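Topology and contacts: notes
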Amino acid sequence: MRALEPELTRHLDRDGVDIAYEVFGSGDRVVVFPPINPVVESRAWKLQVPYLARHARVITVDPRGNGRSGRPTDPAAYADVALAGDTIAVMDELGVESAVLVGLCASAWISLVLAAHHPDRVRGVVALAPLVPFVTPPHPFRARWDFDAEPETDEGWAKDNRHYRVRHYRDFVEFFFRELLVEPHSSKQWEDCVAWALQTTPEVLNADHDAPICVADEAKTRALLAQVKCPTLVIHGDGDQCQPLQRGEILAEAVGADMLTLTGAGHLPMAREPVTVNLAIRDFLERVLPAPALRRHPTLRRRDRRVLYLSSPIGLGHTRRDLAIVEQLRRQQPDVQVDWLAQRPLADWLLRCGERVHPASAWLSSEIAHIESVAGEHDLHAFQAIREMDEILLANFMVFRDVVEQDDYDLWVGDEAWELDHFLYENPRLKQSAYAWLTDFVGWLPNTDGGAREAALTADYNAEMLEHVARLPRIRDRALFVGEREDVVDESFGANLPSIRDWTSAHYSYTGYVTGFDPADIADREALRAEFGYGAEPVCVVAVGGSGVGVHLLRRAIAAYPLAREQCPSLRMIVVAGPRIDPRSLPQTCGVEIHGMLPDLHRRMAAADVALVQGGLTTTMELTAAGRPFVYVPLRHHFEQNIHVRHRLSRYGAGTCVEWDDATPERLAGEIGKLIGTTPRYLPVETDGAARAAKLLAELL
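Basis of the calculations
- Residues numbered from 1 in each chain as written.
- Predicted model: local features only at pLDDT ≥ 70, side-chain atom pairs only at ≥ 80, totals over all residues.
- Heavy atoms only, no water.
- Helix = DSSP H or I, 4+ residues; strand = E, 2+ residues; numbered from the N terminus.
- Rg over C-alpha atoms; globule rule 2.2 N^0.38 Å.
- Contact = heavy atoms within 4.5 Å.
- Areas by Shrake-Rupley, 256 points an atom, 1.4 Å probe, with all protein chains shown as cover.
- Lys, Arg positive; Asp, Glu negative; His and termini not counted.
- Charge placed at Lys NZ, Arg CZ, Asp CG, Glu CD.
- Buried < 20%, exposed > 50% of the residue type's maximum accessible area, 1.4 Å probe, protein only.
- Pairing = 2+ DSSP bridges.
- Axes fitted to C-alpha atoms, helices over the stretch in contact; angles between N-to-C directions.
- Polar contact = N/O pair within 3.5 Å; in protein donor to acceptor, adjacent residues only side chain to side chain.
- Salt bridge = Lys/Arg side-chain N within 4 Å of Asp/Glu carboxyl O.

Attention shifts here to the overall build of the chain. Counting secondary structure elements, the chain contains 27 helices and 21 strands. On C-alpha atoms alone, the chain measures out to a radius of gyration of 28 Å, which is about the 27 Å that the 2.2 N^0.38 rule sets for 701 residues. Once the C-alpha set of the chain is aligned to its principal axes, its extents read approximately 90 × 60 × 50 Å. Looking at the chain alone, contacts between residues at least 24 apart form 73% of all its contacts between residues at least 6 apart. Total accessible area on the chain stands at roughly 26,500 Å², and carbon and sulfur atoms take up 50% of it. Of the charged side chains in the chain, 74 are positive and 100 negative, and the gap between their average positions amounts to 4 Å.

Each regular strand shows side chains that alternate between the opposite faces of the sheet. Among the 8 residues of strand S2 (residues 17-24), 7 are classified as buried, and the element is accordingly described as predominantly covered. In this structure, strand S1 (residues 8-14) lies alongside S2, joined through 7 bridges in antiparallel fashion. The partner of Asp 13 across the bridge, within S2, is Asp 18. Linking S1 back to S2 in an antiparallel pair, the connection comprises 2 residues, with Asp 15 at a positive phi of about 55°.

On to the sheet that holds strand S8 (residues 258-262), then. Strand order in the open sheet formed by 8 strands is S1-S2-S4-S3-S5-S6-S7-S8, and the pairing between neighbours is mixed. The sheet terminates laterally at S1 and S8, the two strands that pair on one side only. Geometrically, the sheet is characterised by an average inter-axis angle of 20° between neighbouring strands, direction not taken into account. Across 4 bridges, the pairing between strand S6 (residues 122-128) and strand S7 (residues 232-237) is parallel. If you follow Val 126 over to S7, its bridge partner there is Leu 233. On top of the sheet, helix H2 (residues 80-93) reaches S1, S2, strand S3 (30-33), strand S4 (57-61) and strand S5 (99-104); it is set at about 125° to S1, its chief contact. Strands in contact with helix H3 (residues 106-117) are S5 and S6; relative to S5, the strand with the most contacts, it is inclined by about 145°.

Once that is clear, we can look at the environment of Arg 167. Structurally, Arg 167 can be placed in helix H5 (residues 162-167). For the pair Arg 167 and Pro 202, spaced 35 residues apart in the sequence, the C-alpha separation amounts to 8.8 Å. Setting aside residues no more than four positions away along its own chain, Arg 167 makes contact with Glu 150 and Pro 151. Within the local environment of Arg 167, its side chain forms a polar contact with the side chain of Glu 150, the two groups lying 3.2 Å apart.

Counted according to the given criterion, the structure contains 63 salt bridges. Salt-bridge contacts for Arg 401 lead to Glu 405; the nearest nitrogen and oxygen are separated by 3.8 Å. Taken together, the residues Arg 401 and Glu 405, both in helix H17 (residues 390-406) and 4 residues apart, mark about one turn of the helix. The exposure class assigned to Glu 405 is partly exposed, which follows from its relative accessible area of 31%. In this structure, a network of salt bridges that share partners links the residues Arg 54, Arg 282, Asp 283, Arg 401, Asp 402 and Glu 405.

Limitation: the analysis is restricted to geometry and does not speak to function.
And the structure:
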């Protein structure tokens, strides 16, 4: 799922070649991404488009040879003037008189050609890792191999060869992008690039290599650059293995451009340094095409202490506990003012609770919608889902960045706000406030059937986090684990990495569990049953959390109901669909009550005789705190539910776990029947977690 869907998706015909383009955002200011090298498509700018589209109208053009554009194999089709003509043709079709152009490598050169030949159409150029023909020799490790001759070896840059590309295309592109992505922990960016490259063919790339250009030597290149009069910004990594840094420096000197050199960066800074690149492009845009100043978020009055709170939108449990923590924080610091940066449906819930939701929340991309889009039948590969959410996480961090640039806060709190934590470590200069991080699990762990690849990927993600904390220990002014030491799994972060439990104890403060409600609220169970109209009949509550991923479990629970009634004829079943599942989409069965979202769900579960739930931590721990028997069915491939949550519930002696493959209606009916009338004896759940967490946060104020 994209962070931002295009407003318009179209094609145009250019001399028999389909040219695809997309438009995002609106406004008089326009940013155009000319056709990039056909080894990738315009989605290579996926980390820039959502952010820039909040500041300008953004147009991306798929290159000939990739994406949704045509795939000619005539070298003339890939001439720089042809690609420049594609850009002008798209601008003409959309009625765009002039724009700021942003290009990488060859498309940076296309931008410069346009600026020289069509100065009235180009307001400015941002050139990332620019190709500037003839001004310097290529890297020596690339120049030693003849592109056209049969290679004498298949090692290293000898793979970048006309013949090797045809015979071993995938091996070539895998090698190529490993070389371009010199930064460690670049597995996701590498996978994206390889996937885009596999959309085209070696014949297309060879044709592009043979394409004519409009300059013949260094003198003609410099003559063309002398015609570039518009403002220009050059962004270049000093570790670029494709375009030598000197080319960017020569370009900057030739056109009088500002230059941003990124230490340690490779050839794809928009992918590996997206925050820096986004802010640099935005600042350049503001200089070239100034816009009215953003209106500040109004405050009722300036208080001494202001908190910006980010709560994970994946499920509603985070917000319940965060509201409890904020309530305790207000008791300890009565003058504190809390703004929430929250997505729907969390934002709706917060507003109903009388909380202040920052208006910039409307710009956030939906994480829940992404999670639902990649889920299967009671199956969510949680690690991979987060990994594939990279553009959404970056887009949401950029919203956060704009908020704190406009408004002053004394404390930022992120409850499993992965984007906030990761990109603050990646961009430490942006930290301008105290920052607290909360989580109820530590460590990405591979699924049992994930094999060596998943074990390596999770270990790499863990290693990056460990390196972040070791290198920049003061980014997190406080790290809070919602639980106790024994709730942390006694596993390793990965091969040759430390123990998760020991490392967590050294870097986190333990708050105890935060239930999100006052235990007195559920103490009188008989009063609760009377309040909800429960009589002497046994009641089974079925709930699956705040996303739509649990719909399959709800259907199986409803199918199990007639079988359960054979064992317990008076059984009453209450199914809670939550905010993302339409109750009308579920089977209607006599004796089964179906509800949407119930804000008092924890009280209904405390009044019930038995519950059937997914494997999420919040719901299962609420049942544990209420002392209710329950069956839980973890989502397949959800490492947190299957490893971290299961470990914690085992410690409390709580719940009966049933794997999805075994969770037939017959099995579920049988487990429900076994638990009705039983009184479990769980380890007591902490009741002061919210107060403990609030005290630790208050110390940062």
